[in-house]
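Breakdown of the fold
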Amino acid sequence: MRIIFMGTPEFAAPAIDSLIAAGHEIAAVFSQPDKPKGRGYAMTPPPVKVRAMEHGIPVYQPQSMRDGEALKIFNEIKPDVGVVIAYGKILPQEILDAPVYGCINVHASLLPKYRGAAPIQWSVIDGESKTGVTTMQMDAGLDTGDMLMKSETEILPDETAGELHDRLSAMGAELIVRTLDALAKGVLKPEKQDDSQTCYAKMLTKELCAVDWRKSAMEIHNQIRGLSPWPVATAVLEGRKLKLHRSAVSDMDSVEAACGEIISTDPLTVKCGIGAIELLEIQAEGKKRMLSGDYLRGHRIQKGTVLQ
């Protein structure tokens, strides 16, 4: 099929490789504009643009999809289908209708659950045991279109959002190929979403980072892994911010202590409202991320110290 691909972050990039390997023609790629990054604020292209350029595919980075210029490109290319994966822009109806078969989106959840901007992270934060990817025929709503195909996977107990992201990215790349194959054969069976079953995965902010030690060890563990690698859960140790990158629920759940109190330094274990949690990888303010054991070899922390 002749495709116009719309996507921006690393999550979307593997699908370009998969579609090309399956024999599809990606006639053009739309991606978000380059952004300044790093200490020098150098203009940096998004991962999808980089991948497209590696394949020699023309890339368009419009500020708006509503000024008529994008539609003009669509009408010139005459795509069979638009493939949209984490593009980051709302598409107007004229763009959704421009390809012969409309636009198909790959969404990183088992719709209708976790519509919205951060489905991977919220599925981990909420303690879900399974998730997946869904292909959907796009409509004017936010992740509300008819579901086409799904691929399901278990969320591992200690898996971070970053690790799950990489697995779902590969699954999405495979599922869009299967979806287009079914589309070409005329065997797709669109399914309406049940709006009563949905929940919204709002965008992540740094306001979500601070740990409340009155919560259970499992809730805090899910928060830590759901916010890894960004924006990262935080605590306050002796007046300074401590980033919490990786954790595990401890079996020291019978120890009596205040919420947030360090009850062991080998391994580094903190009492929670219910149970206790091991902090496996941490990052002190202004320092590099490291194993907590390595940190403690160079920084003396007393048992009984309370994290805020």
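Description of the structure in this document. Along each chain, residue indices are assigned from 1 in the same order as the chain's sequence is written. Restriction of local features to residues with pLDDT of at least 70 applies here, the model being predicted, together with a cutoff of 80 or more for giving and counting side-chain atom pairs; totals for whole chains, interfaces and linings are based on all residues. Side-chain metrics rest on all non-hydrogen atoms present in the structure, leaving aside hydrogens and water.

**Topic: the layout of surface pockets**
In this analysis a 1.4 Å probe is tested at points of a 1 Å grid over the protein atoms alone, and where it fits but cannot get out there is a cavity; an open set with protein on both sides within 12 Å along at least five of seven lines is a pocket; lining residues have an atom within 4 Å of a point. Grid points are joined across faces, edges and corners, and a volume is the space filled by probe spheres set on the points. In this structure, the largest pocket occupies an estimated 1,600 Å³ of space. Lining the largest pocket are 50 residues, with Pro9, Ala86, Tyr87, Gly88 and Ala117 positioned closest to its centre. Note on conventions: DSSP H or I runs of at least 4 residues are helices, E runs of at least 2 residues are strands, and numbering of each starts at the N terminus. Where the lining of the largest pocket is concerned, the elements lending two or more residues are β3 (35-37), β6 (81-85), β7 (103-107), α5 (119-125) and α6 (161-185). Ten residues, namely Ala, Val, Leu, Ile, Met, Phe, Trp, Tyr, Cys and Pro, are considered nonpolar, four, namely Asp, Glu, Lys and Arg, are considered charged, and the remaining ones, Gly among them, are considered polar. Split by residue class, the lining of the largest pocket holds 30 nonpolar, 13 polar and seven charged.

**Considerations on the environment of Cys103**
Position of Cys103 among the secondary structure elements: in strand β7. For the pair Cys103 and Leu237, spaced 134 residues apart in sequence, the C-alpha separation works out to 49 Å. In this description, contact between two residues means that some pair of their heavy atoms is separated by no more than 4.5 Å. Sequence-distant contacts of Cys103, defined by excluding residues within four places in its chain, comprise Met6, Gly82, Val84, Ile95, Leu96, Met136, Gln137 and Met138.

**As for unusual backbone geometry**
For the bond from Leu111 to Pro112, the omega torsion is 10 degrees, close enough to zero to count as cis. Along the chain, the position of Pro112 falls in the loop between β7 and β8 (115-116). Along the chain, Ser228 connects to Pro229 via a cis peptide bond; the corresponding omega equals 15 degrees. Here Lys78, not a glycine, exhibits a phi torsion of approximately 55 degrees, which is positive.

**Describing the pattern of salt bridges**
Here the idea is simple: oppositely charged side chains can pair when their charged atoms come close. Criterion for a salt bridge: a side-chain nitrogen of Lys or Arg within 4 Å of a carboxyl oxygen of Asp or Glu. One pass over the full model with this rule turns up 18 salt bridges. When the shortest N-O distance is used, the salt bridge between Asp146 and Lys192 registers 3.4 Å. Of this pair, Asp146 sits in the loop between β9 (130-137) and β10 (147-154) while Lys192 sits in the loop between α6 and β11 (200-201), and the two are 46 residues apart along the sequence. The buried label applies to any residue whose accessible area, calculated with a 1.4 Å probe on protein chains only, is under 20% of its type's maximum; exposed applies above 50%, and partly exposed to all values in between. Overall, the relative accessible area of 65% leaves Lys192 in the exposed class. Among the salt bridges present, the one from Asp212 reaches Arg214, with a minimum N-O distance of 3.0 Å.

**Regarding the side chain of Thr160**
With respect to the element layout, Thr160 can be found in the loop between β10 and α6. Here Thr160 falls in the buried class, since its relative accessible area comes to 5%.

**Looking at the side chain of Thr179**
Within the secondary structure, Thr179 sits in helix α6. You can call Thr179 buried: its relative accessible area is 0%. Polar contact is the term for a pair of N or O atoms within 3.5 Å; when the atoms are in protein, one must be able to donate a hydrogen and the other to accept it, and sequence-neighboring residues count only if both atoms are side-chain atoms. Within the structure, the side chain of Thr179 is placed 3.0 Å from the side chain of Thr135, a separation counted as a polar contact. Setting aside its immediate chain neighbours within four residues, Thr179 contacts Ile104, Thr135, Leu148, Met149 and Leu188.

**A look at a nonpolar patch on the surface**
A contiguous nonpolar surface patch, about 330 Å² in accessible area, is contributed by Ile90, Leu142 and Tyr200. With respect to the secondary-structure elements, Ile90 resides in the loop between β6 and α4 (93-96). The exposure class assigned to Ile90 is exposed, which follows from its relative accessible area of 54%. To count toward a patch, a residue needs a relative accessible area over 30% and no salt bridge; like charges are then connected within 9 Å, while nonpolar side chains (Val, Leu, Ile, Met, Phe, Trp, Tyr) are connected within 5 Å. The Shrake-Rupley method, run with a 1.4 Å probe sphere, supplies the accessible areas, and residue values consider only the shown protein chains as cover.

**Quick look at the packing of helix α1 (residues 13-21) against helix α2 (residues 47-54)**
In a packed pair of helices, the relevant descriptors are the angle between the two axes and the axis-to-axis distance. Following both chains from N to C, one finds α1 and α2 inclined at 25 degrees, their axes separated by 8 Å at the closest point. The angle between α1 and α2 places the two elements in the roughly parallel class. Taken as a pair, α1 and α2 cross one another with a handedness that is right-handed. Taken together, the residues of α2 that come into contact with α1 (itself represented by Ala13, Pro14, Ile16 and Asp17) are Pro47, Val48, Arg51 and Ala52. Taken together, the residues of the contact of α1 with α2 sort by class into six nonpolar, no polar and two charged. Every axis corresponds to a line fitted to the C-alpha atoms, with the helix fit spanning only the stretch in contact, and the corresponding angles, defined between N-to-C directions, vary from 0 to 180 degrees. Should an angle lie under 35 degrees it is considered roughly parallel, over 145 roughly antiparallel, and from 65 to 115 roughly perpendicular; all remaining angles are considered oblique. Each crossing is labelled by how the near helix is turned from the far one, with a counterclockwise turn of less than a right angle marking it left-handed and a clockwise turn marking it right-handed.

**What about the sheet that holds β10?**
We call two strands paired when DSSP finds no fewer than two bridges between them. Taking strand neighbours across the sheet as the criterion, the seven strands line up as β5-β2-β1-β6-β7-β9-β10 in an open arrangement whose pairing is mixed. Looking at the sheet topology across the chains shown, the edges are occupied by β5 (59-60) and β10. In the packing of α1 onto the sheet, the strands contacted are β1 (2-7), β2 (25-30) and β6, and the crossing angle to β1 comes to about 170 degrees.

**Regarding α6**
If you check α6, its first and last C-alpha atoms are 35 Å apart, about what 25 residues at 1.5 Å a residue would give, namely 36 Å. Gly186 occupies a position one or two residues after α6 and carries a positive phi of about 75 degrees. To estimate how far a helix should reach, multiply one less than its number of residues by 1.5 Å.

**Quick look at the packing of aromatic side chains**
Side-chain rings of Phe, Tyr and Trp, where Trp is taken by its six-membered ring, are said to pair if the distance between their centres is within 6.5 Å; with planes under 30 degrees apart they count as stacked, over 60 as edge-to-face, and otherwise as tilted. Scanning all chains against the criterion turns up two aromatic pairs. Relative to Phe74, the ring of Phe30 lies with its centre 5.5 Å away and its plane at 45 degrees, an arrangement referred to as tilted. Taken together, the residues span a long stretch of sequence, with Phe30 in strand β2 and Phe74 in helix α3 (residues 69-77) at a distance of 44 residues. Grouping residues by exposure puts Phe30 and Phe74 together as buried.

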